[in-house]
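# Survey of secondary and tertiary structure
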Amino acid sequence: MDHKMIAKQFLITGIIMAVIAMGLSILFRIQLAWPDQNFPFLETFLGKWAEGGRIKPDFYLALVTIHGTIMVFFVLTAGLSGTFSNLLIPLQIGARDMASPFLNMLSYWFFFMACVIMMSSFFIQTGPASGGWTVYPPLSVVAKAMPGSGLGMTLWLISMVLFVASSLMGGINYVSTILNMRTKGMDLWKMPLPIWAFFLTAILGILSFPVLVAGVVLMIFDRSFGTSFYLSDIVMGTDILPNEGGSPILWQHLFWFLGHPEVYIVIMPALGISSEVISVNSRKPIFGYHAMVYSLIGITVLSFIVWGHHMFVTGMNPLLGGVFMITTLIIAVPSAVKTFNYLATLWRGNIRFTPAMLFAIGLVSFFISGGLTGIFLGNASLDINLHDTYFVVAHFHLVMGSAAIFGMLAGVYHWFPKMFGKMMNAKLGYLHFWLTFIAAYLVFFPLHFLGLDGVPRRYYAFTEFEFMKKWLTVNVFVTWAAIMAALAQVAFLFNFFYSIFKGKVAPQNPWEANTLEWTAPVEHLHGNWPGEIPTVYRWPYDYSKPGHDADFIPQTVPFSQTMSSNLPHDFEGNAEAEKIQQDWELANPVEENKG
């Protein structure tokens, strides 16, 4: 199947899962805002899980668990990376399809089945998994621990194995395609930054996801075959469980070895997308292209040696904690490089405030504000006080959730004409951006203060504790802001689906961008280009070049056609090309004074 169609399938499925996840979050936010009130409509929709109009504690935990699982894995990982890797990799490197179209199609269907199985757990008697999206033992291993530890947990595990299989098939395909199928002239340093981001993200997934699968297999053994990898010395009521010798800390090591790279598996594609959108709409070359690539590589390497900062409170050796603290703080350096380069690209740019550009700038805003709070959590002595409080919730929802979602939305608005051959309505896009941007800060910024006061997350009825009661009005405020954020998405959904059928027909290159995908016809062709694949001559960020009559030069334009704007470093040491350029400048002396 054509890669563009598979990209659409990932996108539509991701949008559906995002709507479901947001609906779940509104449900548990109602419980947090009005913990002592009954809402009869909840019983109408949820039946036995909200008898009397109040959500049951077990179901509240299930809502939190499935919301986190869907958002992290099905929306921000598969929905984001699956959509744009499939759409852009062949188009931006000049390939007719993925290296293995069959594997590509299989990747989507494994992802689809993972979604179906995860959602099916809402329709079983004991309900979905409810041990948190990190599924720490013993809640995830002892089937009788709580209702969600039974069949719902089994379905969670099956779903995740299918999801990981999907991710591995996709990742291997992406890496193979980028390494082997670039068109003539497209060397590594001429690749657009989204391709670098997708490439390194795929490597991250290939190396880290199998560790999660290994951990899940051990968990299945503990659940079904009486082993004790994660269990030891547990008493339930009057029953002494037979397990001995295992440790739930082992699961935490295995989970976070994937879990922390997962943060970057989520955010790096969004950063790559934003690099492209910001450069195109600033009408400037991306600042520090090589630094951007090296910072992505740095993040990729470092992300494998920082997982321990999630485990400062597990009693690890302080020396080991210090090592993880230092590596965690070091990873802030390449992240800061990227932020600085975004700001430098925007500086004095001829900015076009398209909806895509606004969402890309919004990503930068969330990345900065969420990144700053990450410094607190990377520091062992501070993290011990903030661990498992709403401060953590606020941090990762800003830097990983909101930033990645904004990057994804920037990509949707920017490449919608390429996906569907139609333009989205810009006014609805502006409405969508401002409501979502404001609501996201109203939701997550106040949560920092709950965390600083020591309010733990995932508590069903926090008002039972005297010192937390004062935060009730803040929770009401946050819940109304969350409802506002949800309503803002109605504008997007209407705009998205209406534009597919009734939108204005898109021109071939609506944003006047340089990259190869905009040289392909608007009509979708299997193979992307009707004849020969275009040859690449230059890097993808030749915007507003002094001496040129237009403010963009596509990658397919040879230097021989832009003699008035060529610069010495354009030729990367190609002596013959430099000689031709020097001869031309001698023959055209007026051009010698050009900036």
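Residues numbered from 1 in each chain as written. Predicted model: local features only at pLDDT ≥ 70, side-chain atom pairs only at ≥ 80, totals over all residues. Heavy atoms only, no water.

## With respect to the overall build of the protein chain
What counts, and what does not: For helices the rule is a DSSP run of H or I covering at least 4 residues; for strands it is a run of E covering at least 2, with both sets numbered from the N terminus onward. For this measure, only C-alpha atoms enter the radius of gyration; the expected value for a globule follows 2.2 Å times N^0.38, where N is the number of residues. Burial classes follow relative accessibility: with a 1.4 Å probe on protein chains only, a residue under 20% of its type's maximum area counts as buried, one over 50% as exposed, and anything between as partly exposed.
A tally of helices and strands in the protein chain yields 16 helices and four strands. Its C-alpha atoms give the protein chain a radius of gyration of 25 Å, near enough to 25 Å, the size a compact globule of 595 residues would have. Along the three orthogonal principal directions, the C-alpha set of the protein chain runs to about 95 × 50 × 45 Å. The 595 residues of the protein chain split such that 58% are buried.

## Overview of the nonpolar core
Under the convention used in this document: For our purposes a nonpolar core is just a set of buried Ala, Val, Leu, Ile, Met, Phe, Trp, Tyr and Cys residues, chained together by side-chain atoms within 4.5 Å. Only heavy atoms enter the contact rule, under which two residues are in contact if any of them lie within 4.5 Å.
Within the largest apolar cluster, 178 residues are counted, with the highest numbers of intra-cluster contacts made by Ile70, Phe74, Phe84, Trp156, Phe163, Ile267 and Phe496. By residue number, the principal contributor to this core is helix 3 (residues 57–93), which donates 21 residues. Not counting residues within four places of it along the chain, the set of residues in contact with phenylalanine 84 comprises Ile89, Phe198, Ile273, Met408, Gly411, Val412 and Trp415.

## Side note on a nonpolar patch on the surface
Quick reminder of the rule: Residues qualify for a patch when their relative accessible area is over 30% and they have no salt bridge, like charges being joined within 9 Å and the nonpolar side chains of Val, Leu, Ile, Met, Phe, Trp and Tyr within 5 Å. All accessible areas in this document rest on Shrake-Rupley with a 1.4 Å probe, and a residue is counted as covered only by the protein chains that are shown. In what follows, salt bridge is the name for a side-chain nitrogen of Lys or Arg lying within 4 Å of a carboxyl oxygen of Asp or Glu.
A cluster of nonpolar residues, Leu329, Leu343, Ile368, Leu372, Ile375, Phe376 and Leu382, forms a patch on the protein surface that exposes about 580 Å² of accessible area. A total of four residues in the nonpolar patch trace back to one element, the largest contributor, which is helix 11 (residues 355–378). With respect to the secondary-structure elements, isoleucine 375 resides in helix 11. The exposure class of isoleucine 375 is partly exposed, given its relative accessible area of 44%.

## Some words on the packing of aromatic side chains
Operational definition: By convention, a stacked pair of Phe, Tyr or Trp rings (six-membered ring in the case of Trp) has centres within 6.5 Å and planes under 30 degrees apart, an edge-to-face pair has planes over 60 apart, and any other such pair is tilted. Throughout this description, the term charge over a ring refers to an Arg CZ or Lys NZ atom that lies within 6 Å of the ring centre and within 35 degrees of the ring normal.
Overall, the coordinates contain 59 aromatic pairs when judged by the stated rule. Taking 6.1 Å as the distance between ring centres and 55° as the angle between the ring planes, the aromatic pair formed by phenylalanine 84 and tryptophan 415 counts as tilted. With a gap of 331 residues between them, phenylalanine 84 in helix 3 and tryptophan 415 in helix 13 (residues 390–420) connect regions that are remote in the sequence. An identical accessibility class is assigned to phenylalanine 84 and tryptophan 415; each is buried. Directly above the ring of phenylalanine 559 sits arginine 538, whose terminal nitrogen or CZ lies 4.3 Å from the centroid.

## Details of empty space enclosed by the protein
The rolling of a water-molecule-sized probe over the atoms marks out the regions of remaining empty space. Note the cut-off: Here a cavity denotes grid points, spaced 1 Å and computed from the protein atoms alone, that fit a 1.4 Å probe unable to get out, and a pocket denotes an open set having protein on both sides within 12 Å along at least 5 of 7 lines; residues with an atom within 4 Å of a point are the lining. Grid points are joined across faces, edges and corners, and a volume is the space filled by probe spheres set on the points. Under the convention adopted here, Pro, Cys and the residues Ala, Val, Leu, Ile, Met, Phe, Trp and Tyr are nonpolar, Asp, Glu, Lys and Arg are charged, and Gly plus all remaining residues are polar.
Going through the model one piece at a time under the given rule, you end up with three cavities of 30 Å³ or more. Approximately 200 Å³ is the volume found for the largest cavity. Every residue lining the largest cavity is counted, 18 residues in all, and those nearest its centre are Thr77, Ser81, Ser167, Gly171 and Tyr174. Those elements giving two or more residues to the lining of the largest cavity turn out to be helix 3, helix 5 (151–180) and helix 6 (193–224). When residues of the lining of the largest cavity are assigned to their parent elements, the largest contribution, six residues, is made by helix 5. Its residues assigned to classes, the lining of the largest cavity shows eight nonpolar, ten polar and no charged. Every residue lining the second largest cavity is listed: Lys4, Leu91, Lys418, Ala520, Pro521, Glu523, His524, Leu525 and Asn528. Grouping the constituent residues of the lining of the second largest cavity by class yields four nonpolar, two polar and three charged.

## Considerations on the pattern of salt bridges
Evaluated as defined, the whole model comprises 13 salt bridges. Here lysine 4 makes a salt bridge to aspartate 2, at a shortest N to O gap of 3.0 Å. Like lysine 4, the residue aspartate 2 is buried in the burial classification. Among the salt bridges present, the one from aspartate 453 reaches lysine 470, with a minimum N-O distance of 3.0 Å. Taken together, the positions of aspartate 453 in the loop between helix 14 (426–452) and helix 15 (472–502) and lysine 470 in the loop between helix 14 and helix 15 put the pair 17 residues apart, joining distant regions of the chain. Residue classification places aspartate 453 among the partly exposed positions, given a relative accessible area of 29%. Salt bridges sharing partners connect three or more residues here, namely Arg538, Asp542, Lys545 and Asp570.

## Description of unusual backbone geometry
Cis geometry is adopted by the peptide bond preceding proline 138, which originates at proline 137 and carries an omega value of 5°. Non-glycine residue serine 544 carries a positive phi angle of around 50°.

## Some thoughts on the packing of helix 3 against helix 5
Under the convention used in this document: All axes here are fitted lines through C-alpha atoms, helices being fitted over the stretch that makes contact, and every angle between N-to-C directions spans 0 to 180 degrees. We call two directions roughly parallel when the angle between them is under 35 degrees, roughly antiparallel when it is over 145, roughly perpendicular when it lies between 65 and 115, and oblique otherwise. What makes a crossing left-handed is the near helix being turned counterclockwise from the far one by less than a right angle; a clockwise turn instead makes it right-handed.
Packing of helix 3 against helix 5 brings their axes to within 11 Å, and their N-to-C directions diverge by 20°. In terms of their interaxial angle, helix 3 and helix 5 are classed as roughly parallel. The two elements helix 3 and helix 5 cross, and the hand of that crossing is left-handed. Along the contact surface, helix 3 presents Ile66, Thr69, Phe73, Phe74, Thr77, Ala78, Ser81, Gly82, Ser85, Asn86, Ile89 and Ile93, while helix 5 presents Trp156, Ser159, Met160, Phe163, Tyr174, Thr177 and Ile178.

## Section: the confidence of the model for the protein chain
Note the cut-off: Confidence of the predictor in every single residue is expressed as pLDDT, which spans 0 to 100.
Overall, the prediction assigns the protein chain a mean pLDDT of 93, with 99% of residues at 70 or greater. Taken element by element, the protein chain is modelled with least confidence in strand 1 (residues 235–236), mean pLDDT 82, and with most confidence in helix 14, mean pLDDT 97.

## Thoughts on the packing of helix 11 against helix 14
Closest axis-to-axis distance for the helix 11/helix 14 pair is 10 Å, and the angle between their directions is 10°. By the criterion of interaxial angle, the relationship of helix 11 to helix 14 is roughly parallel. Mapping the contact onto sequence places Pro355, Leu358, Phe359, Gly362, Ser365, Phe366, Ser369 and Thr373 in helix 11 and Ala426, Gly429, Tyr430, His432, Phe433, Trp434, Phe437, Ala440, Tyr441 and His448 in helix 14. Grouping the constituent residues of the contact of helix 11 with helix 14 by class yields eleven nonpolar, seven polar and no charged.

## Some points on helix 1 (residues 3–33)
Working note: α-helix, 3.6 residues per turn, so residues spaced by three or four point in the same direction. This is how the line gets drawn: By this rule the span expected of a helix is its residue count minus one, scaled by 1.5 Å. Identification of polar contacts relies on pairs of N or O atoms within 3.5 Å, with a donor-acceptor requirement for protein atoms, meaning one able to donate a hydrogen and the other able to accept it, and with residues adjacent in sequence counted only if both atoms are side-chain atoms.
Counted at 1.5 Å a residue, the expected span for helix 1 with its 31 residues is 45 Å, and the 44 Å between its end C-alpha atoms agrees. Burial analysis of helix 1 places 23 of its 31 residues in the buried class, the great majority of the element. The opening residue of helix 1 is aspartate 2, an N-cap whose side-chain oxygen sits 3.0 Å from the backbone nitrogen of lysine 4.

## Thoughts on the side chain of histidine 3
Relative to the helices and strands, histidine 3 is located in helix 1. Residue class for histidine 3 comes out buried when judged on its relative accessible area of 0%.

## Here's the deal with the environment of glycine 82
Tracing the backbone through its elements, the reader meets glycine 82 in helix 3. In this structure the C-alpha to C-alpha distance between glycine 82 and lysine 190, which are 108 residues apart in sequence, comes to 23 Å. Apart from residues no more than four positions distant in its own chain, glycine 82 is found in contact with Ala7, Phe10, Thr77 and Tyr174.

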